[in-house]
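Fold and contact review
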Amino acid sequence: MSDFFDNWTVQVRKGVLELCILRALEDDERYGYELVKTLAAVPGLALTEGTLYPLLSRLRVAGLISARLEESTEGLARKYYSLTREGRRTLSAMNDFLEDLNKGTHSLNKGSSL
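As the structure is a prediction and not an experimental result, all values here were calculated from the model. Chains are numbered independently. Their residues run from 1 in the order of the written sequence. Local features are withheld for residues below a pLDDT of 70 in this predicted model, meaning they are given only at 70 or higher, and side-chain atom pairs are given and counted only at 80 or more; totals for whole chains, interfaces and linings count all residues. No hydrogens and no water enter the side-chain calculation; it runs on all heavy atoms of the structure.

**Structural notes on helix α1 (residues 3-24)**
Short version of the rule: Numbered from the N terminus, helices here are DSSP runs of H or I no shorter than four residues, and strands are runs of E no shorter than two. Expected span of a helix, by definition, is 1.5 Å for each gap between consecutive residues, and there is one gap fewer than residues. Note that the bend at a residue is defined as the angle between axes fitted to the seven residues ending at it and the seven residues starting at it. Only protein chains enter the accessibility calculation, which uses a 1.4 Å probe; a residue whose area is less than 20% of its type maximum is buried, one above 50% is exposed, and one in between is partly exposed. Note on contacts: a residue pair is in contact if any heavy atoms of the two residues lie within 4.5 Å.
Between its terminal C-alpha atoms α1 stretches 30 Å, which fits the 32 Å expected from 22 residues at 1.5 Å a residue. Within α1, the axis deviates most sharply at Val-16, by approximately 40°. Of all the residues in α1, the buried ones are Leu-17, Glu-18, Leu-19, Cys-20, Ile-21, Leu-22 and Ala-24. Lining the buried residues of α1 we find β1 (30-31), α2 (32-40), α3 (49-61), β2 (65-72), β3 (75-83) and α4 (85-107).

**Description of the pattern of salt bridges**
When their charged atoms lie close together, side chains carrying opposite charge are able to pair. This is how it is decided: Just to be clear on terms, a salt bridge is a Lys or Arg side-chain nitrogen sitting within 4 Å of an Asp or Glu carboxyl oxygen.
Overall, the coordinates contain seven salt bridges when judged by the stated rule. The partner of Glu-29 in a salt bridge is Arg-68, with the nearest N and O atoms 2.4 Å apart. With Glu-29 in the loop between α1 and β1 and Arg-68 in strand β2, this residue pair connects regions lying 39 residues apart in the sequence. Since its relative accessible area comes to 35%, Arg-68 is described here as partly exposed. Among the ionic pairs, Arg-78 bridges to Glu-74, the shortest N-O distance being 3.3 Å. A single salt-bridge network, built from bridges that share partners, covers Glu-29, Arg-68 and Glu-70.

**Examining the packing of aromatic side chains**
Worth spelling out the cut-off: Each Phe, Tyr or Trp ring, with Trp reduced to its six-membered ring, pairs with another whose centre is within 6.5 Å; inter-plane angles below 30 degrees give stacked pairs, above 60 give edge-to-face pairs, and intermediate values give tilted ones.
This model, assessed by the stated rule, comprises two aromatic pairs. Taken together, a centroid distance of 5.6 Å and an interplanar angle of 75° make the contact between Tyr-31 and Tyr-80 edge-to-face. Taken together, the residues Tyr-31 in strand β1 and Tyr-80 in strand β3 connect sequence positions 49 residues apart. By the burial criterion, Tyr-31 is buried, and Tyr-80 matches it.

Here is the structure:
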């Protein structure tokens, strides 16, 4: 693949990581490393904890997720993340926007007018 394509995929991935994190938290709370493993299972979404935690912090500050600390029998305490009510509303809006955008981009090659 070309350098252009490689750069493009990096930019697209950056643009959807927050959406993917919110989607991963939609049905159940998860701790950080569990999120890393969940996202890594999706082609193109592998990331490190060093990338994930600043995103989680930004989502928490925005009020989209909450965090709670739970002691673990397997070592250090784990911080669990879950969606807030505002996070669910935002996720719904993000899903709708992405669906509309995807439909719009597909319509471009069909000669239809938006």
